[in-house]
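Report on the structure
The lines below spell out each chain.
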Amino acid sequence: MGAQWKQAGRVANATKRGQVIGKVVREILVAAKLGGPDPDLNARLAAAVEAARKASVPRETIERAIKKGSGQSDEKVNYELITYEGFAPHKVPVIVECLTDNRNRTAPEIRHLFRTGSLGSPGSVGFFFDHLGVVEATHADRSRDAETDAIEAGAQNVEGLEAEEIPAGHTGARFICEMRDLDAVSKHLARAGWKVVAAELRYLAKSFVGLPESSRKEVADFLNALDDHDDVHRLYAPIK
């Protein structure tokens, strides 16, 4: 369920390191604004900081983003989340989440990127997805029972992480929960020794679209063009 196109390769698909850093820092800004500056009390921020470290974002940049996002500096954070729905080529449903400080700039640019697909109205493809909380975490004890921890944390489902996402000698799992339970599940797992590497709301596909090989490149090019836009924060499509 979790290994959709977006989750499988967002950072890996970005072609410019500066673009990767910009998107990660923006997530830190928003996480700090919404949940405060302490990663121990803000699971989303903790995961964003971990992602920033993986992307080799300088420590000073991380700290400055936290201060700015949490209102500890004179700079203001004015990003808003805008969600677009539509279809990629070959009728593949797509949900695009943008973080932008200027919707009048973002909207026409996203509309232009959908020129080879079809941009729909709000709710036009939402029924292809479930909107849920997702916590991705690793544990140093390879024998750790993720299913037991999922039950105790209040998660509804658990699945293994992709092998490349798990450090050597560790185990990894993706815990799926109701949106309202995301923070509680994240904190419970952290107390149980799990290292949370992602804690966010995601659109998870109810089923996956089968594409002939001849169509996959056209869809992948469309998705990558969207993903390369600076304001695109999350992108969901039900293909592996």
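Our structure's up above, just so we're on the same page.
Described below are features of the structure shown in this document.

What counts as what
- Throughout this description, residue numbers start from 1 for each chain and increase along the sequence as written.
- Note on the predicted model: pLDDT of at least 70 is required for a residue's local features to be given, and 80 or more for side-chain atom pairs to be given and counted; whole-chain, interface and lining totals, by contrast, use all residues.
- Excluding hydrogens and water, the side-chain figures rest on all heavy atoms present in the structure.
- Put simply, a salt bridge is a Lys or Arg side-chain nitrogen that is within 4 Å of an Asp or Glu carboxyl oxygen.
- For helices the rule is a DSSP run of H or I covering at least 4 residues; for strands it is a run of E covering at least 2, with both sets numbered from the N terminus onward.
- Burial classes: relative accessible area under 20% of the type maximum marks a residue as buried, over 50% as exposed, and values in between as partly exposed (1.4 Å probe, protein chains only).
- Buried Ala, Val, Leu, Ile, Met, Phe, Trp, Tyr and Cys residues that are joined via side-chain atoms within 4.5 Å together make up what is termed a nonpolar core.
- Any two residues whose heavy atoms approach within 4.5 Å at even a single point are treated as in contact.
- We call two strands paired when DSSP finds no fewer than two bridges between them.
- Taken from the helix axis, the directions to the C-beta atoms give the arc we talk about.

Now for the pattern of salt bridges. Pairing between side chains of opposite charge can happen when their charged atoms approach one another. Enumeration according to the criterion identifies 18 salt bridges in this entry. In this structure, R234 engages E27 in a salt bridge whose closest nitrogen and oxygen atoms are separated by 3.9 Å. Note that R234 is positioned in strand β8 (residues 232–236) and E27 in helix α2 (residues 17–35), a separation of 207 residues in sequence. Across the pair, exposure class does not vary: R234 and E27 are buried alike. With a shortest N-O distance of 2.7 Å, R105 and D231 are connected by a salt bridge. With R105 in helix α5 (residues 103–113) and D231 in the loop between α8 (213–227) and β8, this pair connects stretches of sequence that are 126 residues apart. For D231, a relative accessible area of 5% puts it in the buried group. Residues joined by salt bridges that share partners form a network here, namely E27, R44, E136, E159, E162, R174, E200, R202 and R234.

Counting residues in each nonpolar core, the largest one holds 20 residues, and the members touching the most others are V94, V96, I110, L223 and L226. Elements supplying a minimum of two residues to this core: β1 (80–88), β2 (92–100), α5, α8 and β8. Leave out the neighbours within four places in its chain, and I110 touches Y84, C98, L226, H229 and V232.

Residues in a regular strand project their side chains so that they alternate between the two faces of the sheet. Across the nine residues of β2, nine count as buried, placing the element largely inside the fold. Taken together, the nine bridges between β1 and β2 define a ladder with antiparallel strand orientation. Counterpart to F87 in the pairing with β2 is P93. Hairpin connection, β1 to β2: the antiparallel pair is bridged by three residues, and H90 has positive phi, about 65 degrees. Sheet topology note: the β2/β8 ladder contains four bridges and is antiparallel. Residue pairing in the sheet places I95 in a bridge with Y236 of β8.

Along α5, the residues classified as buried are T106, A107, I110 and L113. Taken end-on, α5 shows its buried residues confined to a sector of 130 degrees, consistent with a single buried face.

Those residues of helix α4 (residues 59–69) lying buried are T61, I62, A65, I66 and G69. Projected down its long axis, α4 carries its buried residues within an arc of 135 degrees, all on one side. Counted as exposed and oriented over 90 degrees from the buried face of α4: R59 and E60. Count one or two residues on from α4 and you reach G71, which has phi positive near 80 degrees.

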